[in-house]
Structure formats: C-alpha cells, structure tokens
Amino acid sequence: MEKTQLKNWQKMTPVGRLFHTLGIFILKRRFGQLIALFLRTVASLFDKSHNFKSDSRNIILQTFFTGVEILIPLFVVATLFGTVVIIEVLSLMGKMGFSDIVGTLMVVVIIRELSPILTAFLIAGRTGSSLTTYIGGMVIDSEVDALATMGINPIRYLVMPSVIGGTIATIIMNIIFSASAIGGGFLVTKGIIFITGNAPNLQITWSYLSTEITKALTIPDFVFAIVKPLVFGIIITINACYQALNIKRDIRQVPKATSRSVISSFLYIVFADVVLSLYYFISYMQNLSTII
Amino acid sequence: MLDEALRLEDVYLSTNELSGTMFSIPRAVSYFENIKASESNKDYQLIAGANLTLKLGETICIGGPSGKGKSAILRLIAGLARPLKGHIYYFGEYIPAERLTALEVAKRQVGFVLQNAALISNLRVVDNIALPLRYHKMGTEDEITKKVNMAMDLMRVRDFAKMFPHELSVGMQKRVAIARSWAMDPKLLLMDEPTAGLDNYNRRNLLPLIDNMRTMFKTSIIIVTHDLMIAKELDCNLVFLHQKKLTEPHSFDYWLRSDSEISKDQFRDLQSVSPNT
C-alpha cells in the first residue's frame, strides 16, 4: 500500500505536485479550513438524502434561537446608540453650520457601519458562543460520531441549518437595528428634549429627519444592508461550527474553543467590514476625480 | 468472497486517530500528517498488521486488555478512523483509504453502537430511534412508527418513549442505542461493550436478542467486550488483540484450555474454577 502511494506521488507531474503541495499548504491553515468547511456546507445542500421537512424545521428553530432571544438587548443597544448619534450629529453639525449633511452622516454612521458591526458583535457573543458550546458538547459525547455512523452527514445536520438560520436572523436583526436606532433614537431624543426643557437647544422633527435620511440613502446602501450581515452571519456561524468540530475529545477544550470562536469572529468581522467598505472608498475616489 | 461480510488485510492504525474524528478538517490533511508521523516513530502505531475475516451471519467477539485499542478497531471498521496502511473490504467491496469515511461505510448498512450510547440529547427516545429512518426516508411515516415501536418493544424501552436521554439510566440509554441501530436493518452490526452498564436481568435479555438478530436477519455482528462469557453464551468465536495484532478466531473452550499467554492473562480465574465444575 505504502509503495503504491509513493509511486502515485512520483507519478505526478511537477505542475501537479506544485498544486498538490499548494492545496495541502492552504488546507493546513485555519483560514483554508474555514473556507473548506463553508464550501462543504454549500455542497451538503445538494446531498442526495435530504429531508425538506426536518431541515426547514431546524433552520426555523435556529433563526428563532438566534433572533428572538437577542431582540431585547439589541433593541436597547440600538436605541441608545441611535440617541447618542442623533444628539451628537445634530448639535455638532448645527454649531458648525453643516446641517444639510445630517442625513448623510446618519446613513454613514448608523446604516452603513454601526448597525451591521454591532449586530454582528451581539450575535457573535450570543449565538456564536452558544453554537460552539452546543456542537462542542455533542463532539465530546461522540454524538457527532454517532450521527456519522448512522449515515447522517454532521455538516448537513448541524452546520447547514445553523449557517442558514443564523444568516437569516443576522439580516433581519440588522434591519431591526437600523430601524430602531433611527426610530427609537428619535423618540428618546424627543423625550430628552421634553424632560430637560430643550436644554441641549435642538430643533428636530420626524419629517426633517426622515426626509434628510431618505435623501441621503442610495441603492448601494440597500444592497450593503443585505450583503454585510449576510457575510457577517456566515463568518460567525461557520467559525463557531469550525471551532466546535475542531475540539479534540477533551472537555477542557470547550470553553477555550468558545472564547476563541467569539474573539476570532470579532476579528474576521472587522476585516470583512474593511474589505466590503472598499467599495465606498473606491466610489469616493471616483467622485473626487470627477470633481477635480 | 461473496459470503464474507468484512475482511481486514494487514491494517495499520495510528494513535493520532484516537483523538476523535475531525469533521471540520478535510481528511486528506490529517492523513498525510499521520503517515509522516508514524513513519518516523513506531510508537505512534496502535495496531500493526491486523487481519480479520468475518463471514456473513457470523458473530465474533474481540477481547483483550483495556487500553490496547479494541474500541479503535471498531472505530476503524465504522470509518471513524482511517488506517495508515492496509485494505478493508465490506461485503467483498474494497473502499480505498481516501474514500473511507463514516458516511461511506454507513451506506453499506453498517451499524455502530457506541460505548456511551451517544443518543442525540435534544431529541426524545422515539425521535432518536426514528431520526435515521426519517433522514433517509426509509418508508412512510406509518411504516417508520411501526418500525420504531417494534424496536422499542424488542429492547423494552416503550415505557420511556417520551423521555429525554438524560432522564434515562446508562443501561437504558444503551438499550435505546441498540434499538436505534436495529431499526436501520444493519447487515453488519458493531457493538462496543453492549453489556457494560446492564444489570444481570437485562444482560440475559439482550443476549437472546443478539442471537435472534443473527439467526433471523442474518446480521453479522462484531462485539468488543470485557465480558468473555458472552462468547460462550452466544457460542461464537473469540479474537484477542495481542501485541498490536489480532489473533486467530477460536472458540471459548479452546481459549480456556489452551496454554498460550493470552489464556493465562484473560482466563486465569475461569481456569481455576473450571476443573471443579
């Protein structure tokens, strides 16, 4: 067996051997394994043995698990952040006389950057960690092995529903975050003005805020409001599942894997955000060149 | 060739495979790493050159001291661990090591009862037994219900059908696990310590069931056990894992009377009793 293996190695052409080494080099790295796991998750969607009923039930359960329980902290965070942003932007811009870019600033700060990132952080802390513990516990109890020996693909049964459910929930939560940051933030600002007797000296009405924001919104904003949470949701869930499935049979590895999953999710999210925001940088550059 | 259920030919297994199956990492990576590691160091080899042939409908028990890789052999056969070298034939069909995964083996109707029952902890007992049947769409919902009820009746777990695994004792979990494997109609069943954690009454109930399975359904069974009396009660051959190899299969009485090192280790107390009885 060994000898034939060696012969197969030698049979490879130099180019084939180069690609083989390159493939093994990439697959040995964590990033390559993450991408491989994602591709296998996508491939598992087209498995021959599929049960639509149980799959959709798992996906809906995961969506609710990710979405519903995070709703209240997310709503509070969004409202408070929205309030802070509205008050600061209004007072600062009013003083400097740039009140016509209030809408643009709100869109840039809340809808483009803050909302996807904070939603992703909250979901990574909440769903990512619990996914890692859940699947990690299954690995320790060799339930994943049992699934595989029953002919049930663990990637399809465990990873695929979490990825799809988690991503759907992240997209919905992102929209809720943006809406409650602007709507809730406006209401809280009004409340502050009412309570303090307009001590901050702000003039704000709903029609002013909404027209400014709708004026500033562009089509790429709507696209990125879907694309960013989509990418972040995939990163969070795939990373959580990867860390969990990577646990060697040792119960002490579960908390380590959990913290690793959350921290590395944060890192990957920020990196992905920078990469996705390159689109805006490039469009700014083009705008500048047309102006000049 | 046609009448054999399983054949191992000169199988080598690395100790690295014991740390669990990495479903997150493509298997090629660990495979090449293991080959490198075991070539440099012989201590990495857990099993070196094991041979085994199992006929259709035959039952075999694997014994031996603990910590020597008995369960690892079952994991190897179930496809959870991958051999470094050697050939494994399932029902006369060779699966190369590159394609030897648990899913591939499970397609050939090989069932595995793990040492800790490994029931899915968020499903009730009924759903646990029905899970593989539903996933593979083996029949309509009525047929599945019928099959699940039959399996539960056989293993006497019908009263606990609506319970969660953590509410059951270890012995009952094991019975549910055996019912789950049985419901899938395996042609080859691997059992890791089926009687550990069972009381004497249930142990005595389990053995006729295993006997029924091999006579009625022509299931080939491999049992890894410390309880060597199973081999006598089921009247099947015993194989020992000795010096990283599997010995020839022989009957319980042969081992009892033989003069080899294994018999001295494993049958000492039985040998001292047997002349009197």
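Calculation criteria
Residues numbered from 1 in each chain as written. Chains lettered and ligands numbered in written order. Predicted model: local features only at pLDDT ≥ 70, side-chain atom pairs only at ≥ 80, totals over all residues. Helix = DSSP H or I, 4+ residues; strand = E, 2+ residues; numbered from the N terminus. Rg over C-alpha atoms; globule rule 2.2 N^0.38 Å. Buried ≥ 20, exposed ≤ 12 C-beta atoms within 10 Å, placed from the backbone. Pairing = 2+ DSSP bridges. Contact = placed C-beta atoms within 7 Å. Expected span 1.5 Å × (residues − 1).

Asks: Honestly, the overall build of chain A in this entry has me stumped. Any pointers?
Replies: A tally of regular secondary structure across chain A gives 11 helices and zero strands. Traced from its N-terminal end to its C-terminal end, chain A shows the element sequence α-α-α-α-α-α-α-α-α-α-α. Against the compact-globule benchmark of 19 Å for 292 residues, chain A has a radius of gyration of 24 Å, which places it well outside the compact range. If one aligns the C-alpha atoms of chain A with their principal axes, the spans along those axes are about 85 × 50 × 35 Å. Out of the 292 residues belonging to chain A, those deemed buried represent 36%.

Asks: What should I look at first to understand the sheet that holds strand E3 (residues 59-63) of chain B in this one?
Replies: What holds strands together in a sheet is hydrogen bonding between their backbones, with the strands either parallel or antiparallel. Residues and elements named next belong to chain B. Sheet architecture is open: six strands sit in the order E6-E7-E8-E3-E9-E10, paired in mixed fashion. Edge positions in the open sheet fall to strand E6 (110-113) and strand E10 (245-246), since each of these has one partner strand only. As paired strands, E6 and strand E7 (residues 188-192) are joined by four bridges and run parallel to one another. Each residue of the ladder has a partner; that of Val-110, found in E7, is Leu-188.

Asks: Please clarify how the interface of chain B and chain A should be interpreted in this entry.
Replies: Size of an interface, as often reported, equals the accessible area lost when the parts are brought together. Facing 31 residues of chain B, the contacting portion of chain A comprises 31 residues. When residues of the side of chain B that touches chain A are traced back to their parent elements, those giving at least two are helix H1 (27-40), strand E4 (85-90), helix H3 (102-106) and helix H4 (125-135) of chain B.

Asks: Help me understand helix H2 (residues 14-28) of chain A, please; the structure alone is not making it clear to me.
Replies: Given 3.6 residues per helical turn, the α-helix brings residues three or four places apart onto the same face. Its 15 residues place the ends of H2(A) 21 Å apart at the C-alpha level, agreeing with the 21 Å of an ideal helix rising 1.5 Å per residue. The element H2(A) is largely exposed, with a buried count of zero among its 15 residues.

Asks: I keep staring at the pairing of E7(B) and nothing clicks. Help me out?
Replies: All names here are of chain B. Taken across its five residues, E7 has five buried, putting it largely inside the fold. Along E7, one buried face is formed by Leu-188, Leu-190 and Asp-192 and the opposite face, lined by Leu-189 and Met-191, is buried too. For E7 and strand E8 (residues 220-224), the ladder comprises five bridges, and the chain directions are parallel. Within E8, the position partnered with Leu-190 by the bridge is Ile-222.

Asks: Could you clarify how one ought to interpret the sheet that holds strand E2 (residues 45-55) of chain B in this entry?
Replies: All names here are of chain B. With antiparallel pairing, the four strands of this open sheet are ordered in space as E2-E1-E4-E5. On the outer flanks of this sheet lie E2 and strand E5 (93-94), each paired with one strand and no other. Relative to E5, E4 runs antiparallel, the two being bridged by two bridges. Pairing of Tyr-89 across the sheet is with Tyr-94, part of E5.

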